[in-house]
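In case you want the letters, here they are:
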Amino acid sequence: MINIRKIMLILTIVGLTFGFSSAYSSTKNNDVLAHWRFETVKHLKGDTTSISIVGKPLTASERGSTEPQPYVFDESGKGNYLQVRGGKSSPNVFSDNVPTAQVDGKPNTRSLSLKNGEYVVTFDRPLAYYNIQKSWNIEVSLKCNLLGTEQVYLCKEGAKGQLSGDLSIGFDNMYKKYFVEVMCADGVARRIVAGDEVEAGKWYDVRAQAEYDSKTDQTQLSFEVKPSIEKSFSKPSTITFKGKALRSDAGMWVIGRGFPGGFPNSLQVLDGAIDEVKISGEAMPRVAGQNPLFTDFFTADPAMTVIGNTVYAYVGQDAASVGGWFNMPNWLCYSTTDMKDWKAHGPVLAAKDFENAYSGASWAAQVVEKDGKYYDYVTLDGKNGHFITVAVSDSPTGPFKEALPGKPLITDDMTKDSHRTNADIDPTIFIDTDGTPWMAWGNGDCYMVKLKRNMVEIDGPITKVPFRNYSEGPWLFKRGDLYYMVYAADAPGVQAEQIAYSYAKSITGPWTYGGLLTTSAKYGFTIHPSVIEFKNQWYFFYHDGSYTLNGTPGGDCRRQVCAEYLYFNPDGTIKPIKLTTEGVSVPTKK
């Protein structure tokens with residue numbers, strides 16, 4: 001057994017079994033992240049549970065699970081319930097054929113028969129988001145009745161376009177043995193097999209473990225297989241390699257199918273069974289400057305302002321419930337002098353502080369300083385639609401007050417030529433070297449207007465700027481003789497937003513399309529940029545829904561602000577940006 005040491009981060013998975021006797025269970029120091037015994041199902045209403053019924057599958061509908069058996073109960077207490085995917089009853093059913101009569105002193109009476117169907121832990125559960133790069137331990141009992149094809153019993157799905165899962169355990173039809181395969185942090189998929197050749201209809205206990213040593217920057221991956229009737233594992237198969245043994249990206253855990261999914265190469269279990277799945281894991285210790293930047297709230301729509309030797313971050317607070325829609329009651333402020341350690345200043349402004357605004361609609365904003373005053377340009381939503389207005393303060397940390405109560409800068413009736421109804425969102429403010437303030441904004445179409453020197457009124461006509469792939473979230477800045485517009489992009493063929501940019505020698509154009517800067521966020525359909533130069537280094541900020549917060553899952557509307565270094569080519573174009581967990585905790589490139 002491996003002692004994985006005070007495992008604090010909880011793994012995510014749907015299906016390794018732990019059909020071993022107590023002598024083979026995880027050590028006491030392991031914090032179990034998910035545990036499916038298949039003995040109990042959880043019902044929809046309240047916390048009621050009942051014994052699973054032999055011969056019955058989990059059931060579901062397109063709009064959610066339906067009784068009588070909606071979820072496999074998670075014995076870990078982390079709420080990572082297993083459910084069927086799709087609108088039909090699963091072909092998989094509960095069985096009384098089990099690998100061992102007792103597990104940890106408890107009767108073991110149920111397993112799960114797998115017959116070309118899958119169960120998942122959905123993205124409204126924390127399992128998909130946990131980072132277990134430091135170490136992980138997976139135990140499961142497997143039975144393979146059909147040996148002719150490669151089949152994956154447990155899988156953590158990988159990134160789009162990736163040829164293998166982040167983690168897979170299954171049957172290798174070439175070796176006729178069980179295998180574990182991991183997509184490592186270096187982008188290489190590594191597979192090892194163990195045990196004797198698998199016999200059809202026979203239960204086997206499987207244990208996969210990995211541990212990363214930060215001193216040597218090496219991971220040892222081990223894999224053990226034994227017939228369930230035997231007490232002890234034989235010598236494990238092991239490999240050691242440089243780097244971490246698992247990517248930290250969010251990914252759905254699936255039982256009964258391997259990644260990539262779908263016809264024809266779904267690697268489904270055509271005829272087999274699984275029992276007693278236990279998963280444990282530990283994250284790498286947090287390092288100053290790594291992503292996400294802030295760990296007290298879910299935060300989104302970053303807007304950074306450099307004032308002297310301090311960076312101030314203004315972010316919306318994502319207060320949506322798990323799996324819920326946007327709820328952003330206020331804007332928070334953080335500050336740093338080294339880009340590593342951030343001080344929280346709490347809420348500095350709220351949607352309820354403005355006339356005619358809904359209280360849960362604090363959309364994207366940006367703060368700029370001019371003549372000792374701090375102007376906060378905000379998006380709000382009210383009964384008459386979206387509007388943009390401005391609040392002002394004598395301090396970068398507030399309090400801010402609406403500059404012209406009830407008199408917004410921009411309203412929906414000023415942009416009637418937009419092809420989206422919620423066009424008037426996401427203001428970005430830029431004060432040019434000649435002192436002229438400009439504002440750009442928009443969803444689906446980008447608009448720009450000059451502001452008066454008083455910063456609270458527009459000065460001239462509104463123009464539409466034709467940026468390629470433009471979606472929302474514009475950010476204006478200048479470097480040398482070039483103006484840049486960075487924005488969230490709806491690129492063809494990719495549903496979730498990415499970041500693109502354009503550049504020009506004049507703020508009024510013509511603009512040249514620079515291309516895509518980033519992929520989509522690791523999880524979530526939005527991404528929102530901010531760019532600053534601080535102490536001779538450029539930085540790029542965005543939000544990502546792929547991280548947990550205090551053990552609760554992120555999501556589309558439960559995002560966290562992140563940062564990466566930004567670099568330019570000699571001709572002024574911007575180098576593509578890789579979204580990472582390390583963020584700015586690592587040294588800059590030379």
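Look above for the structure.
Because the structure is a prediction, the values reported are computed rather than measured.

What counts, and where the lines are drawn
- Residues numbered from 1 in each chain as written.
- Predicted model: local features only at pLDDT ≥ 70, side-chain atom pairs only at ≥ 80, totals over all residues.
- Heavy atoms only, no water.
- Helix = DSSP H or I, 4+ residues; strand = E, 2+ residues; numbered from the N terminus.
- Rg over C-alpha atoms; globule rule 2.2 N^0.38 Å.
- Contact = heavy atoms within 4.5 Å.
- Areas by Shrake-Rupley, 256 points an atom, 1.4 Å probe, with all protein chains shown as cover.
- Lys, Arg positive; Asp, Glu negative; His and termini not counted.
- Charge placed at Lys NZ, Arg CZ, Asp CG, Glu CD.
- 1 Å grid on protein atoms, 1.4 Å probe; cavity = no way out; pocket = protein on both sides within 12 Å on 5 of 7 lines; lining within 4 Å.
- Points joined across faces, edges and corners; volume = space filled by probe spheres on them.
- Nonpolar A, V, L, I, M, F, W, Y, C, P; charged D, E, K, R; others polar.
- Disulfide = S-S within 2.5 Å.
- Core = buried A, V, L, I, M, F, W, Y, C linked by side-chain atoms within 4.5 Å.
- Buried < 20%, exposed > 50% of the residue type's maximum accessible area, 1.4 Å probe, protein only.
- Phe/Tyr/Trp six-rings, centres within 6.5 Å; stacked < 30°, edge-to-face > 60°.
- Lys NZ or Arg CZ within 6 Å of the ring centre and 35° of its normal.
- Pairing = 2+ DSSP bridges.
- Axes fitted to C-alpha atoms, helices over the stretch in contact; angles between N-to-C directions.
- Polar contact = N/O pair within 3.5 Å; in protein donor to acceptor, adjacent residues only side chain to side chain.
- Salt bridge = Lys/Arg side-chain N within 4 Å of Asp/Glu carboxyl O.

Visitor: Is there a simple way to explain the overall build of the protein chain in this structure?
Guide: Along the backbone of the protein chain there are zero helices and 42 strands. A globule of 590 residues ought to have a C-alpha radius of gyration of about 25 Å, and the protein chain, at 26 Å, matches this closely. Across its three principal directions, the C-alpha atoms of the protein chain cover 80 × 50 × 40 Å. Look at the contacts in the protein chain between residues 6 or more apart in sequence, and 61% of them connect residues 24 or more apart. Approximately 23700 Å² of the protein chain is accessible, and the part contributed by carbon and sulfur atoms is 50%. Taking the average place of the 61 positive charges on the side chains of the protein chain and the average place of its 65 negative ones, the gap between the two points comes to 3 Å.

Visitor: I tried to follow the layout of surface pockets on my own but got confused; where do I start?
Guide: It is a probe the size of a water molecule, rolled over the atoms, that shows where empty space is left. Within this model, the largest pocket holds a volume of roughly 1400 Å³. Around the largest pocket, the lining is made up of 40 residues, and of these A159, K160, D249, A521 and K522 lie nearest the centre. Residue composition of the lining of the largest pocket, grouped by class: 14 nonpolar, 13 polar and 13 charged.

Visitor: Would you take a moment to explain the state of the cysteines for this structure?
Guide: Covalently bonding the sulfur atom of one cysteine to the sulfur atom of another cysteine gives a disulfide. Counted according to the given criterion, the structure contains zero disulfides. No disulfide involves C184; its nearest neighbouring cysteine sulfur is the one of C155, lying 14 Å away.

Visitor: Mind showing me how you'd approach the nonpolar core here?
Guide: A general tendency of soluble globular proteins is for nonpolar side chains to be buried together. Membership of the largest hydrophobic core comes to 51 residues, with the highest contact counts inside it found for W36, F38, W136, Y178 and I274. It is strand β13 (residues 135-144) that provides the largest number of residues to this core, a total of five residues.

Visitor: What's the story with empty space enclosed by the protein in this structure? I'm lost.
Guide: Following the criterion strictly, the structure yields two cavities of 30 Å³ or more and no others. Counted as a void, the largest cavity has a volume near 40 Å³. Lining the largest cavity are A364, A365, Q366, D426, P427, T428, P474, W475 and H528. Grouping the amino acids of the lining of the largest cavity by side-chain chemistry returns five nonpolar, three polar and one charged.

Visitor: Teacher, can you tell me more about the packing of aromatic side chains here?
Guide: The description of an aromatic ring pair uses the distance of the two centres, along with the angle that the planes make with each other. Tallied over the full model, the rule gives 31 aromatic pairs. Each ring, one from Y539 and one from Y565, has its centre 5.7 Å from the other, and the planes form 40 degrees; the classification is tilted. Here the residue Y539 occupies a position in strand β41 (residues 537-544), and Y565 occupies one in strand β42 (residues 560-566), the gap between them amounting to 26 residues. Joined through ring pairs, the aromatic side chains of F477, Y484, Y501, Y503, W538 and F568 make up one cluster. Its end group placed over the ring of F179, R191 keeps NZ or CZ at 3.7 Å from the ring centre. The ring of F233 carries the charged tip of K226 above its face, separated from the ring centre by 5.4 Å.

Visitor: Would you mind showing me how to read the pairing of strand β17 (residues 189-194) here?
Guide: Each regular strand shows side chains that alternate between the opposite faces of the sheet. The pairing of strand β16 (residues 177-183) with β17 spans six bridges and is classified as antiparallel. Bridging from a neighbouring strand, Y178 pairs with A194 of β17. A loop of five residues connects β16 with β17, the two strands running antiparallel in sequence, and G187 in this loop sits at a positive phi of about 85 degrees.

Visitor: I keep staring at the sheet that holds strand β39 (residues 512-516) and nothing clicks. Help me out?
Guide: Two pairing modes exist for strands in a sheet, parallel and antiparallel, and in both the strands are linked by backbone hydrogen bonds. Strand order across the open sheet formed by four strands is β36-β37-β38-β39, with antiparallel pairing between neighbours. With partners counted over all chains shown, the strands left at the sheet margins are β36 (470-479) and β39, one partner each. Ignoring which end each strand starts from, the neighbouring axes of this sheet average 25 degrees apart. Both strand β37 (residues 482-489) and strand β38 (residues 498-504) contribute to a ladder of seven bridges, which runs antiparallel. Following the sheet pairing, A489 is matched in β38 by Q498.

Visitor: Would you mind showing me how to read the sheet that holds strand β25 (residues 330-336) here?
Guide: A sheet is described by the order of its strands in space; here four strands give the open sequence β23-β24-β25-β26, paired in antiparallel fashion. The strands lining the two open edges of the sheet, one partner per strand, are β23 (299-307) and β26 (343-350). When the angles between neighbouring strand axes are averaged without regard to direction, this sheet yields 25 degrees. The pairing of strand β24 (residues 310-317) with β25 spans six bridges and is classified as antiparallel.

Visitor: What should I look at first to understand the environment of R110 in this one?
Guide: Residue position: R110 is located in the loop between β10 (106-107) and β11 (111-114). Distance from R110 to Q268, taken between C-alpha atoms, is 21 Å for residues 158 residues apart in sequence. Residues in contact with R110, not counting those within four places in the same chain, are R37, F38, E39, I51, S52, I53, V54, S95, V98 and D275. Engagement of the side chain of R110 in a polar contact is seen with the backbone oxygen of S52, the distance being 2.8 Å.

Visitor: I keep staring at the pairing of strand β34 (residues 446-450) and nothing clicks. Help me out?
Guide: Of all five residues making up β34, four are buried, and the element is well covered by its neighbours. Sheet topology note: the strand β33 (residues 437-441)/β34 ladder contains four bridges and is antiparallel. Within β34, the residue paired with W441 across the bridge is Y447. Where β33 folds back on β34, the antiparallel hairpin that results is connected by four residues, among which G442 adopts a positive phi of roughly 130 degrees. Here three bridges tie β34 to strand β35 (residues 463-465), and the two strands are oriented antiparallel to one another. When the sheet's bridge partners are listed, M448 is paired in β35 with T463.

Visitor: Can you help me understand the pattern of salt bridges in this one?
Guide: A side chain of one charge can pair with a side chain of the opposite charge when the charged atoms of the two come close. Counting across every chain of the model gives 30 salt bridges. Between R125 and D124 there is a salt bridge, and its shortest N-O distance comes to 3.9 Å. We classify R125 as buried; its relative accessible area is 18%. For D205, the salt bridge goes to K226, with nearest N and O atoms at 2.7 Å. You can see D205 sitting in strand β18 (residues 203-213) and its partner K226 sitting in strand β19 (residues 218-227), a full 21 residues away along the chain. Judged by relative accessible area, D205 falls into the buried class, the value being 1%.

Shape descriptors only; they carry no functional weight alone.
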